[in-house]
Amino acid sequence: MAAGLGCFACTGASAATRPALLSHCLRVESTAWGLELWRSDGSSGGTALVRDINPGKPSGRPYQFREVQNRLFFGANDGLHGFELWSTDGTAAGTRMIMDINEGTPGSFPAGIAVLDDKVCFGADNGTHGRELWCSNGSVEGTDMVVDIFPGPTGSNPRYFTQVNGSLLFEADDGVHGRELWRTDGTREGTMLVYDIQPGRDNSWPSNFSRINGLLLFRATDSRHGRELWRSDGTSEGTYMVKDLNDGPADGF
């Protein structure tokens, strides 16, 4: 994306009513266009619609902008393919849908878009495997389902992607261990369960992810201690409860 420019989602031709900051994107409510992709260099003359992704008043509703190598990746709906993965360099010609992951109008609804090295990883549903882990470098050939974590159509529903020590840590359910902590380096071989916090099929429900000093801090339960504060460096050995804040099985966090 051109230096000195920012992209944002906007529903009108001018900064009208009820602006609200959403991450690094600005949504402004109006009726001139639907919710579409805009760009700005901070001046009135340098603020313009990039592309009307869903032509006319219907909204393209771009969301979850993530920058990789001077391009923004995001989800959007062009009215023909449903919500799919898009990218932009800040120009109309350079704004395109990367891949129709779930062919036709249903959409794959990419979510949890996170940066990992020179690509983005996210959860998406291709209509066959359920919501699973996908990664993309911005090309059709470089956009693939990494692994079918929960084999079959159910989907592992990966979420809460957080980068720690060169990998993405996330929550997922493989159908065997329940919802537990996983990691990926963007490859099939490098995607694995980190630790079965709540042994067996029951869920530990890892959530509230926060990265600090090369560690992931999060909330989870192992049933003996209730929901407590845990930490992980992305390895089994480095994943453990920090402290039983509320002694015993009652929740402390």
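Position numbers for residues start from 1 in each chain and track the written sequence from start to end. In keeping with the predicted nature of the model, local features appear solely for residues at pLDDT of at least 70, side-chain atom pairs appear and are counted solely at 80 or more, and the whole-chain, interface and lining totals rest on all residues. Side-chain metrics in this entry use all non-hydrogen atoms of the structure; hydrogen atoms and water are not considered.

### Comments concerning the sheet that holds strand E17 (residues 192–195)
Strands qualify as paired when DSSP identifies two bridges or more between them. Only DSSP runs of H or I covering at least 4 residues are called helices, and only runs of E covering at least 2 are called strands; the numbering of each starts at the N terminus. Here 4 strands make up an open sheet; going across it, the order is E14-E15-E16-E17 and the pairing antiparallel. In the strand order of this sheet, the two ends are held by strand E14 (159–164) and E17, each with one partner. On average, adjacent strands in this sheet sit at an angle of 40° to one another, irrespective of strand direction. As judged from the 4 bridges shared by E14 and strand E15 (residues 167–173), these two strands associate in the antiparallel manner. Its bridge partner lying in E15, Arg159 is registered against Glu171. Interaxial angle, 0 to 180 degrees, is taken between N-to-C directions of lines fitted to C-alpha atoms, where a helix line uses only the stretch in contact.

### Topic: the confidence of the model for the protein chain
Close inspection of predicted coordinates is inappropriate for parts of the model with low pLDDT. Within the protein chain, residue pLDDT values average 87, and 84% of them lie at 70 or more. Contacts of residues 13–30 to residues separated by more than four positions or lying in other chains number 39 contacts, the stretch itself having pLDDT below 50. Confidence of the predictor at the level of single residues is captured by pLDDT, which takes values from 0 to 100. For this analysis, residues touch if any pair of their heavy atoms sits within 4.5 Å.

### Some thoughts on the pattern of salt bridges
Between side chains of opposite charge, pairing is possible as soon as their charged atoms come close. Just to be clear on terms, a salt bridge is a Lys or Arg side-chain nitrogen sitting within 4 Å of an Asp or Glu carboxyl oxygen. All chains considered together, the criterion is met by 4 salt bridges. For Glu171, the salt bridge identified is with Arg159, shortest N-O distance 2.5 Å. Of this pair, Glu171 sits in strand E15 while Arg159 sits in strand E14, placing them 12 residues apart in sequence. Taking relative accessible area as the criterion, Arg159 reaches 27% and is therefore assigned partly exposed. Between Arg201 and Asp173 there is a salt bridge; the shortest N-O distance is 3.2 Å. Taken together, the residues span a long stretch of sequence, with Arg201 in the loop between E17 and strand E18 (207–212) and Asp173 in strand E15 at a distance of 28 residues. Type-normalised accessible area, obtained with a 1.4 Å probe on protein chains alone, sets the label of each residue: buried when under 20%, exposed when over 50%, and partly exposed for intermediate values.

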